[in-house]
Amino acid sequence: MSRRTPRLFAATLAVAALALGACAEKADNQPAAGGSSASASFPVTVGSLTLDKRPEKIVSLAPTATEMLFAIGAGPQVTAVDDQSTYPADAPKSDLSGFQPNAEAIASKNPDLVVLSDDRNKIVDQLGKLKIPVYLTPAATTLDDTYRQITDLGTLTGHADQATDVTTRMKDDITKLTKDLPQRAEKLTYFHELGPELYSATSKTFIGSIYDLAGLTNIADPADADGKSAGYPQLSQEFIVKADPDFVFLADAKCCQQNADSVKARSGWAGVTAVKNNQVVALDDDIASRWGPRIVDLLRVVIDAVAKVPA
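All of these numbers come straight from a predicted model, not from anything done at the bench.

Novice: Now, about the packing of helix H2 (residues 63-71) against helix H5 (residues 143-157): what can you tell me, with residues and values included?
Specialist: It is the contact of H2 with H5, at a shortest axis distance of 10 Å, that shows an interaxial angle of 60°. Compared by their axis directions, H2 and H5 come out oblique. Where H2 crosses over H5, the two elements pack in a sense that is right-handed. When H2 is examined against H5, the residues Ala65, Met68 and Leu69 are found in contact with a partner set consisting of Thr146, Gln149, Ile150, Leu153 and Thr157. Classifying every residue of the contact of H2 with H5 gives five nonpolar, three polar and no charged.

Structure, rendered in structure tokens:
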């Protein structure tokens, strides 16, 4: 995906907008079969939004929402997605932007539902004046937020049963992945890298909560003890080297060509435990910046990496 600045990335992830390594997509992460839920009936209401009939021309301007829609079987109803929606590959990508949304451009798609991650440029009011329904999917701060958004989209699109199947499968997979974690006398530590400028995410963020499930300790937490960085502090090389993390997880592998070799070449990093023990893990940038169904893949990669370290 085209990369935003680390500050914009962090803000988008925290207020409005996670890591699969080289392993292939698992079959249980494939989109659900098409077709609406047998029990679906309209009108339906989610929050303050009521739809009188099932939407057949959905425009998604949020990559995570796009993934959710296709996962619950609403893909055939999606007629356009934004320029950052890279998954699934057959999503109808357009030049529409979720970062600089244009009401006229969106309206030209004749949508009967628009899904956004946040209200940039007061786009919700603009679309409201055009009588175009909008559902917001702000960045999750907990897994429950993710489950709720999937459930809401299922209700709004007529795929409530499929949405329930997706969230149930996610919960089951997470339980299976975490139930046999080894007991360690001392927790392993990690550094999650958003960009080569060394912005990171603390345990108070959504991405941090996923690492918590794997039983890891975040070295970035002390850097945002006062909360001024909203969970996304910029660390110094000296700070990271001194913290000596057991793992370095790179969420900038594709966009910024970061890898184990480039990390090792940084000043002072060759002696860091993660580098010495070949525990620098390159993540998929897109998955590392989203909170949809593929979050299970992030957790799987993290736990697989942790499992290689003797307890």
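Next comes the rest of the account.
Novice: I'd like to hear about H2, residue by residue, with values.
Specialist: Side chains that are three or four residues apart share a direction in an α-helix, a result of its 3.6 residues per turn. With respect to burial, H2 is a largely interior element, nine of its nine residues being buried. Listed in full, the buried residues belonging to H2 are Pro63, Thr64, Ala65, Thr66, Glu67, Met68, Leu69, Phe70 and Ala71. Looking at the buried residues of H2, the elements they touch are strand E3 (58-60), strand E4 (78-81), strand E5 (113-116), H5 and helix H6 (160-178). At the C-terminal side of H2, Gly73 shows a positive phi close to 90°.

Novice: Explain the pairing of E5 residue by residue, including any values.
Specialist: A two-sided burial pattern is seen for E5, the buried positions comprising Leu113 and Val115 on one face and Val114 and Leu116 on the other. As paired strands, E3 and E5 are joined by three bridges and run parallel to one another. Pairing of Ile58 across the sheet is with Leu113, part of E5. Here three bridges tie E5 to strand E6 (residues 134-136), and the two strands are oriented parallel to one another. Of the residues in E6, the one forming a bridge with Val114 is Val134.

Novice: Would you mind going over the sheet that holds E6 in detail, with residue names and values included?
Specialist: The parallel open sheet is built from four strands, whose spatial order is E4-E3-E5-E6. Sheet topology places E4 and E6 at the edges, where each strand pairs with a single neighbour. Neighbour-to-neighbour, the strand axes of the sheet open up by a mean angle of 20°, direction not taken into account. In this fold H2 packs onto E3, E4 and E5, with an angle of close to 140° to the strand it touches most, E3.

Novice: Let's hear about the pattern of salt bridges: which residues, and what values?
Specialist: Within the structure shown, the criterion is met by eleven salt bridges. The shortest N-O distance in the salt bridge between Glu56 and Arg54 comes to 2.7 Å. By relative accessible area, Glu56 is classed as partly exposed at 38%. For Arg54, a relative accessible area of 25% translates into the label partly exposed. Note that Arg120 and Asp118 form a salt bridge whose closest N and O atoms lie 3.2 Å from each other. For the residue pair Arg120 and Asp118, the accessibility class agrees, reading buried in each case.

Novice: How would you explain the sheet that holds strand E9 (residues 247-250) if you had to name every residue and give the values?
Specialist: Strand pairing in a sheet takes place through backbone hydrogen bonds and is either antiparallel or parallel in direction. The parallel open sheet is built from four strands, whose spatial order is E8-E7-E9-E10. Each edge of the open sheet carries a strand with a single partner, namely strand E8 (217-218) and strand E10 (280-282). As judged from the three bridges shared by E9 and E10, these two strands associate in the parallel manner. Bridged to Leu250 within E10 is Ala282. Its contacts with the sheet place helix H11 (residues 295-307) against E9 and E10, and it is angled at close to 155° to E9.

Conventions and cut-offs
For every chain, the first residue of its written sequence is number 1, and the numbers climb from 1 along that sequence. Side-chain atom pairs in this predicted model are given and counted only at pLDDT of 80 or more, local residue features only at pLDDT of at least 70, and totals for whole chains, interfaces and linings cover all residues. As a convention, hydrogens and water are excluded, and side-chain values are obtained from all of the structure's heavy atoms. Axes, fitted as lines to C-alpha atoms, cover a helix only where it is in contact. Angles between the N-to-C directions of the axes lie from 0 to 180 degrees. In DSSP terms, a helix is any run of H or I states spanning at least four residues, a strand is any run of E spanning at least two, and both are numbered starting from the N terminus. Throughout, the term roughly parallel applies to angles under 35 degrees, roughly antiparallel to angles over 145, roughly perpendicular to angles from 65 to 115, and oblique to all others. Handedness of a helix crossing follows the sense of rotation of the near helix relative to the far helix, less than a right angle counterclockwise being left-handed and clockwise being right-handed. For this analysis, residues touch if any pair of their heavy atoms sits within 4.5 Å. In the scheme used here, Gly and all other residues not listed as nonpolar or charged are polar, with Ala, Val, Leu, Ile, Met, Phe, Trp, Tyr, Cys and Pro taken as nonpolar and Asp, Glu, Lys and Arg as charged. For the exposure calls, accessible area comes from a 1.4 Å probe over protein chains only, and a residue counts as buried if that area is under 20% of its type's maximum, exposed if over 50%, partly exposed in between. Any two strands are treated as partners once DSSP identifies two or more bridges connecting them. When a carboxyl oxygen of Asp or Glu lies within 4 Å of a side-chain nitrogen of Lys or Arg, that pair is called a salt bridge.

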